[in-house]
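# Descriptive structure summary
Residues per chain, in single letters:
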Amino acid sequence: MSTNRTFTMIKPDAVKNGHIGAILEKITAAGFKIVAMKYTQLSLRDAQEFYGVHRERPFFGELVEFMTSGTIVAAILEKENAVEDFRALIGATNPADAAEGTIRKMFANSIGENAVHGSDSDENAAIEGSFHFSGREIY
Ligand code: CMP
């Protein structure tokens, strides 16, 4: 059953390029309620754990290096059908394949530096949300 929640990060590229406000505006305009949010930076250990599922992939080192390279915004979002609707809002992993009007089409530069993360399942949304937030930080 859907939990109606997903987890997102505005990644270091989008933060450095000054897109936090515009991305949050797109997210709230699409009907998502922000139930938790923080400005933070992943340590090496954080990134290796968060992306553990990709450990054997050839891009793992690059991914960890990029995700620890600067500050991020982490958030839990609530909306009916949140996981699927948020993935539609952000667009394909590779911005070159992302549909017009999607967040990655508008703000991302490459498959590695793709502006935002969105959970791929309800189960991962719960795991990823708890990775960043304690119960008392979720409203
Ligand atoms: P995301 O889906 O947020 O989490 C896993 C990330 O791995 C993904 O975004 C991409 O940024 C990154 N990724 C996936 N494929 C590649 C690739 N071929 N080269 C570099 N990074 C990748």
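Reference entry: report on the structure contained in this document.

Procedures and definitions
Residues numbered from 1 in each chain as written. Predicted model: local features only at pLDDT ≥ 70, side-chain atom pairs only at ≥ 80, totals over all residues. Heavy atoms only, no water. Helix = DSSP H or I, 4+ residues; strand = E, 2+ residues; numbered from the N terminus. Rg over C-alpha atoms; globule rule 2.2 N^0.38 Å. Buried < 20%, exposed > 50% of the residue type's maximum accessible area, 1.4 Å probe, protein only. Contact = heavy atoms within 4.5 Å. Near = heavy atom within 4 Å. Polar contact = N/O pair within 3.5 Å; in protein donor to acceptor, adjacent residues only side chain to side chain. Areas by Shrake-Rupley, 256 points an atom, 1.4 Å probe, with all protein chains shown as cover. Nonpolar A, V, L, I, M, F, W, Y, C, P; charged D, E, K, R; others polar.

### Considering the overall build of the protein
The number of helices and strands found in the protein is 7 helices and 4 strands. Its helices and strands in sequence order give the protein the pattern β-α-α-β-α-α-β-α-α-β-α, from N to C terminus. Relative to a compact globule of 139 residues, whose C-alpha radius of gyration would be 14 Å, the protein shows 14 Å and is just as compact. Residue burial in the protein is summarised as follows: out of 139 residues, 40% are buried. A sequence separation of at least 24 residues applies to 76% of the contacts in the protein between residues at least 6 apart.

### As for the site of the ligand
Neighbouring the ligand are the residues Lys11, Tyr51, His54, Phe59, Glu62, Leu63, Thr93, Arg104, Ile111, Gly112, Asn114 and His117. Taking Lys11, its side chain carries an N or O atom lying 2.9 Å from an oxygen atom of the ligand. In isolation the ligand offers 460 Å² of accessible surface; the protein chains occlude 79% of this area. Each residue belonging to the shell around the ligand can be placed in one class, and the counts come to 4 nonpolar, 5 polar and 3 charged.

Read these as spatial facts, not as claims about activity.
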